[in-house]
Amino acid sequence: MNPLIYMLLRNMRFVVGLSIFMIVVLLGTIGPLIYTKDPLSFAGPMETPPSPQYPLGTDTYGRDILAQLLWGTRNSLYVGLLTAVIATIIGLVIGSVAGIKGGIIDEVLMSITNIVLSIPGMLLAILVASYLKVRAMEMVALLLGVTSWPWFARAIRAQLMSLKEREYVYLSKMAGLEDLKIAFADLLPNIASYVFMAFVLYVNGGILGEAGLSIIGVGPTRGVTLGLMLQWAALMEAVRRGLWWWFIPPGAVMVAATSSLMVISTALDEIFNPRLRQG
Amino acid sequence: MVSDKRFRISPVVIFLVRRSAFLITTYFIALTIVFILPRAIPGNPLALLLTQLFQQAQTNPEAIREVYKKLMEEFGIGKPIYVQYIEFLSRAFRGDLGTSIAFYPKKVIDLIAPAIPWTLALLVPATISAWTVGNLIGAVAGYKRGSKFEKTVLISSLILSQTPYYWLAMLLMFVLAVRLNIFPYGGAYSQDLIPSFTPQFILDVLWHYVLPFLSIFLSAIGGWAIGMRVLTIYELGSDYMTYSESLGVKESIIFKYAFRNSLLPQVTGLALSLGSVLGGALITEVVFNYPGTGYILFRGLSTLDYPLIQGVFVILIATLYIANFAVDFVYALIDPRIRLAGEKV
């Protein structure tokens, strides 16, 4: 077996984290196929606590909360994933161009990065979202992704800057390889694990960011997400009125997804990063 | 080279001037974004809002026509774009952020100003105490590598750091306010009290303060502890540490070395995190109906009161940059690389 995979499977934290995350993924992917109730139909009775017929009860409009939770998990994971793809690509492109090219291009790109870094992403996302009448899930992911790439770009640039000075890169340069070839053959493989960990953090950022936007009132305008569930619960004062089955499940699934990803990411860090490896 | 001591500017000053120049530039850019957005987004939401108001004016003429006129004037619709821009900037620097639509004829600044102290009173103590406690716990965890303490800290920090403020807020509210009835549901003070500096009112404010404070404090601790743990491990692995250990330096001193050196990046981290902490705190305010800027923003968003939304954005970014500068200032004072930069050459 590949020694790396063996090391991963021996790491308890990694295994537990991965299992919890897989359960959340299954909830979102297979869940809606098995539990086929419509999450948005006003069919049920009002605000009933969990019962055999409604495993997680219903909300003020008589909608089934378990159905909402399954669809919400699916959509929140989708928003998180999309956010991560967008932020990672932007950060990777800007960071590697700045790090590899250097000089004036580097300075310009890093000024832009520092400026975007200094403008609070969440606020900017709220501001832009407030102007949009219709907000698709993809739009929310775009807003979250576009406002959150800078720290990653900076980190990638810093890593490449130091990698660039290694001897084998000089050798490739002397051999007359193009920049692009050097980037893909010599530099990027070295930062692959780092990119993966940043991607995981961005998935979390997307899931939590969507919820934040939703609660303040500028989340997706259609469908159901974990954040929208929390918003509806907040609007109807579910907490004050003790309707725990309404606001606890969406938050719990959210925290299960984000912390299990975080656990996976730190476990990977301890394996890939020799400075953290325990002797 | 002969250097004239009298004319040398302290490196701390140079660092701070550069930082403030950067922050002022960024503030200009932020203002420009606020200006461009409503005008650049397809379907021009501002024009749409004005048309709606104009249509309502047919049914309810006097009041709405006045709002309409005021808005036309403040957004400078119809004037060339550069005139609009200059007017916008000059008003923003005078602190005039326009007139609210939902609370017409109140000025935006008059709505936001009373909310700022509440947000700051919530955010500053919560952030500073979370930073302090988180770093201490993280450093001890990193120092006691492999211990039960480290494992507990790591797992609970990982979960706490990924728990959104607002959900933690809901849980705390449910358990401590609804079920156990120890703390109030929300608001900043009891409705039947008039704000004053009486012991009764102050105690009431503190009583309302506990839950919002705890939700920000608890979910912020985790991130700092995780970061500090890794930094301490790095620091303990460095050569000077091995050297100190081999010299038989006392454990408490080694811990102090590691702690002090790991703290520097955490100060930078504090500056970087302020923005996201602010975002989270705003949403927490909404959950608690806490009368801070987050709650004002929420009201603005639910009525599409664009002048109010923009105003909150402009004010919060300014506040954030002032806070950022304060952190930079502390950083310049404690980082010997900046403090002593000029003297080494």
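Because the structure is a prediction, the values reported are computed rather than measured. (Residues numbered from 1 in each chain as written. Chains lettered and ligands numbered in written order. Predicted model: local features only at pLDDT ≥ 70, side-chain atom pairs only at ≥ 80, totals over all residues.)

On a plain count of helices and strands, chain A comes out with 12 helices and zero strands. Ordered by position from the N terminus, the helices and strands of chain A form the series α-α-α-α-α-α-α-α-α-α-α-α. Structurally, chain A occupies a C-alpha span of about 75 × 50 × 30 Å along its principal axes. Residue burial in chain A is summarised as follows: out of 279 residues, 47% are buried. (Helix = DSSP H or I, 4+ residues; strand = E, 2+ residues; numbered from the N terminus. Buried ≥ 20, exposed ≤ 12 C-beta atoms within 10 Å, placed from the backbone.)

Let us look at the UniProt feature "domain: ABC transmembrane type-1" (unreviewed entry) in chain A. Within this structure's numbering, the places UniProt gives as "domain: ABC transmembrane type-1" (unreviewed entry) are residues 73–272 of chain A. Secondary structure within residues 73–272 of chain A divides into 83% helix and 0% strand; the distance between the first and last C-alpha atoms comes to 30 Å. (UniProt positions renumbered as here; feature names shortened; annotations may be inferred.)

This part covers the nonpolar core. Counting residues in hydrophobic clusters, the biggest one holds 149 residues, and the most contacted among them are Ile126, Ile216 and Leu230 of chain A together with Ala169, Met170, Val312 and Phe313 of chain B. At 14 residues, helix H4 (residues 65–101) of chain A tops the list of elements feeding residues into this core. Non-local contacts of Ile126 of chain A, meaning those with residues more than four positions away in its chain, are made with Leu213, Ile216 and Val218 of chain A. (Core = buried A, V, L, I, M, F, W, Y, C linked by C-beta atoms within 7 Å. Contact = placed C-beta atoms within 7 Å.)

A word on the interface of chain B and chain A. At the interface, 42 residues of chain B touch 38 residues of chain A. Looking at the side of chain B that touches chain A, the elements that each hand over two or more residues are helix H1 (11–40), helix H7 (148–161), helix H8 (165–179), helix H9 (199–236), helix H11 (251–288), helix H12 (293–302) and helix H13 (306–334) of chain B. Per-class residue counts for the side of chain B that touches chain A are 32 nonpolar, 10 polar and no charged. (Nonpolar A, V, L, I, M, F, W, Y, C, P; charged D, E, K, R; others polar.)

Our focus in this paragraph is the confidence of the model for chain B. Residues and elements named next belong to chain B. Summing up the model confidence of chain B, the mean pLDDT is 80 and the portion of residues at 70 or higher is 87%. When mean pLDDT is compared element by element in chain B, helix H6 (residues 116–143) scores highest at 89, while helix H15 (residues 341–344) scores lowest at 48. Note on the complex model: pTM 0.85, ipTM 0.84. (pLDDT = per-residue confidence, 0-100.)

So, on to the packing of H4 of chain A against helix H8 (residues 150–164) of chain A. All names here are of chain A. It is the contact of H4 with H8, at a shortest axis distance of 7 Å, that shows an interaxial angle of 35 degrees. Classified by chirality, the crossing of H8 by H4 is right-handed. Every residue of H8 that contacts H4 at Ala87, Thr88, Gly91, Leu92, Ile94, Gly95, Ser96, Ala98, Gly99 and Ile100 is listed here: Phe152, Ala153, Arg154, Ile156, Arg157, Leu160, Met161 and Lys164. Taken together, the residues of the contact of H4 with H8 sort by class into 10 nonpolar, five polar and three charged. (Axes fitted to C-alpha atoms, helices over the stretch in contact; angles between N-to-C directions. Left-handed = near helix turned anticlockwise from the far one by under 90°.)

Between its first and last C-alpha atoms H8 of chain B spans 20 Å; for 15 residues at 1.5 Å apiece the expected length is 21 Å, and the two agree. At Met173 of chain B, H8 of chain B shows its largest kink, close to 30 degrees. Along H8 of chain B, the residues that are buried comprise Tyr165, Tyr166, Trp167, Leu168, Ala169, Met170, Leu172, Met173 and Phe174 of chain B. The elements touched by buried residues of H8 of chain B are helix H10 (179–216), helix H11 (226–235) and helix H12 (244–272) of chain A together with H9 and H11 of chain B. Looking at the residues trailing H8 of chain B, positive phi occurs at Asn181 of chain B, about 60 degrees. (Expected span 1.5 Å × (residues − 1). Bend = angle between axes of the 7 residues up to and from the residue.)

Our next topic: H10 of chain A. Residue and element names in this part refer to chain A. Here H10 contains 38 residues, and its C-alpha end-to-end distance of 46 Å is more than 12% below the 56 Å for a straight helix at 1.5 Å per residue. The largest bend in H10 comes to about 55 degrees, at Leu188, with the proline Pro189 one to four residues further on. Just downstream of H10, Gly217 is the residue with a positive phi angle, here 105 degrees.

This paragraph deals with the packing of H4 of chain A against helix H7 (residues 137–146) of chain A. Residues and elements named next belong to chain A. Contact geometry of H4 with H7 gives a least axis separation of 8 Å together with a crossing angle of 40 degrees. Taken together, the axes of H4 and H7 lie oblique to each other. Here the hand of the crossing between H4 and H7 comes out right-handed. Note on element contacts: H7 touches H4 through Met137, Glu138, Val140, Ala141, Leu142, Leu144, Gly145 and Val146, opposite Asn75, Tyr78, Val79, Leu82, Thr83, Ile86 and Ala87. Grouping the amino acids of the contact of H4 with H7 by side-chain chemistry returns 11 nonpolar, three polar and one charged. (Parallel < 35°, antiparallel > 145°, perpendicular 65-115°, else oblique.)

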